[in-house]
Amino acid sequence: MAHLSRRNLLAAAAASSLALPSSVRHALAAADIRVRWASLQPGFTVLPVQYILANDLGSKNGLSFPDPAPYTAVSTYYNDFVAGNYDVCIGSWDTFAARYQAGVPIKYLCTITDANMIALLAPKGGVDNVSQLKGKTIAALQSTGTYRMVKALINEAFAFDIEKEATIQNVDNPAASVTLLMADRADAALSWEPNITTGLMKKPDLRVILKAGDVYKRLSGGLELPYFGVAIRKELADASPGIAAKVSKVFEDCLSGINANTTKAVDLFGSKTGIAPDTLKEAMSSKRLAFNYRPMSDELSRSSILLASEFLARNGLLTRPVDQNFFAA
């Protein structure tokens, strides 16, 4: 009988582990780095969440991504992240910046969409541009940071204060503003994708008269205005060195896969977003809803956030521009 030295035992263990299926080896290797995350439903972010799960992108990057905690209320979704009830959150970068400045221990990983998905809609026989909105009614969800950001953009770019020079019809959700416009109860509607495409498909005489991203490009000399991104709790980042880069890589792989075959991704997972697959495809083919991975490990990507935070601070939407500690290493 062969002598079972410690070396022989270790070699035998290594050999037996290599005989396991790759998915099992990945799970075993990542068992000590479990990432708690969440999904906000309905909404377009369900698409990347489902893509990550279906393609096992967590374990392929040395992590364990279980089924995410489901949320339907935006406020509860963000509040639970702030409270530390989960580790990784997909949301608007300015919301993360405001929470960070309030002392919440979070780090910003990457941007995944830009502000071209935010737009003003109007009927083709109605107003052509922002200046014609004087005395008109704009349907909008006033409680959101998106509304306040667009208000600031329009004020800086056109010297037009929509609250002073137009009437704002407040709504309860971003889809409702488009619904009011389609019912001829407003002259324009502020919303974001996929609600914009839903309106355009249901009522073809509507058109986009302003995209937030285009306005910001003019103000900034050609830079994109970040919108949705990914943040991680600082406790997890500190407890597991290198984990922030791994989580960021999961989203890089995810967006790369979706962009490589958008139709297939939407056909497989689009129904789980609560959005009609045809609507989601049209929103993405229009380039208003575009997934672009911009990691904070990249200097240009960080600069875009820093400059955008200066714009928000200048308009009272952040207490001050963000600092370098906001970004994950």
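Read on for a plain summary of the structure. (Residues numbered from 1 in each chain as written. Predicted model: local features only at pLDDT ≥ 70, side-chain atom pairs only at ≥ 80, totals over all residues. Heavy atoms only, no water.)

With respect to the nonpolar core
For clarity, the threshold we go by: Note on terminology: a nonpolar core comprises buried Ala, Val, Leu, Ile, Met, Phe, Trp, Tyr and Cys residues joined through side-chain atoms within 4.5 Å. Relative accessibility under 20% of the residue-type maximum defines a buried residue, over 50% an exposed one, and the middle range a partly exposed one, all with a 1.4 Å probe and only protein chains included. By the convention used here, residues are in contact when the closest approach between their heavy atoms is within 4.5 Å.
By size, the foremost hydrophobic cluster in this structure holds 98 residues, and its most contacted members are Tyr77, Phe96, Ile118, Leu120, Val247 and Phe326. Setting aside chain neighbours within four positions, we find Phe326 in contact with Trp93, Phe96, Ala97, Tyr100, Ile106, Lys107, Tyr108 and Ile305. By size, the runner-up hydrophobic cluster in this structure holds seven residues, among which are Ala119, Leu121, Val178 and Ala189.

Describing the pattern of salt bridges
Rules: One side-chain nitrogen of Lys or Arg within 4 Å of one carboxyl oxygen of Asp or Glu is enough to make a salt bridge. What counts as a helix is a DSSP run of H or I of at least four residues, what counts as a strand is a run of E of at least two, and both are numbered from the N terminus.
Inspection of the entire model under this criterion finds 13 salt bridges. In this structure, Asp161 and Lys151 form a salt bridge, with 3.9 Å as the shortest nitrogen-oxygen distance. In this pair, Asp161 sits in the loop between helix H7 (145–158) and helix H8 (162–165) while Lys151 sits in helix H7, placing the two residues ten residues apart along the sequence.

Quick notes on the pairing of strand S5 (residues 118–123)
Condition: Strands qualify as paired when DSSP identifies two bridges or more between them.
Burial of S5 is extensive: six of the six residues sit out of reach of the surface. Residues Ile118, Leu120 and Ala122 of S5 are buried on one face, and the alternating residues Ala119, Leu121 and Pro123, pointing to the opposite face, are buried as well. As judged from the four bridges shared by S5 and strand S8 (residues 188–192), these two strands associate in the antiparallel manner. Along S8, the bridge assignment pairs Ile118 with Trp192. Sheet analysis places S5 next to strand S9 (residues 206–211), joined by five bridges and oriented antiparallel. Along S9, the bridge assignment pairs Leu121 with Val208.

Digging into the environment of Ala102
Positionally, Ala102 belongs in the loop between helix H6 (93–101) and strand S4 (106–113). Each C-alpha atom of the pair Ala102 and Thr319 lies 9.2 Å from the other, and the pair is 217 residues apart in sequence.

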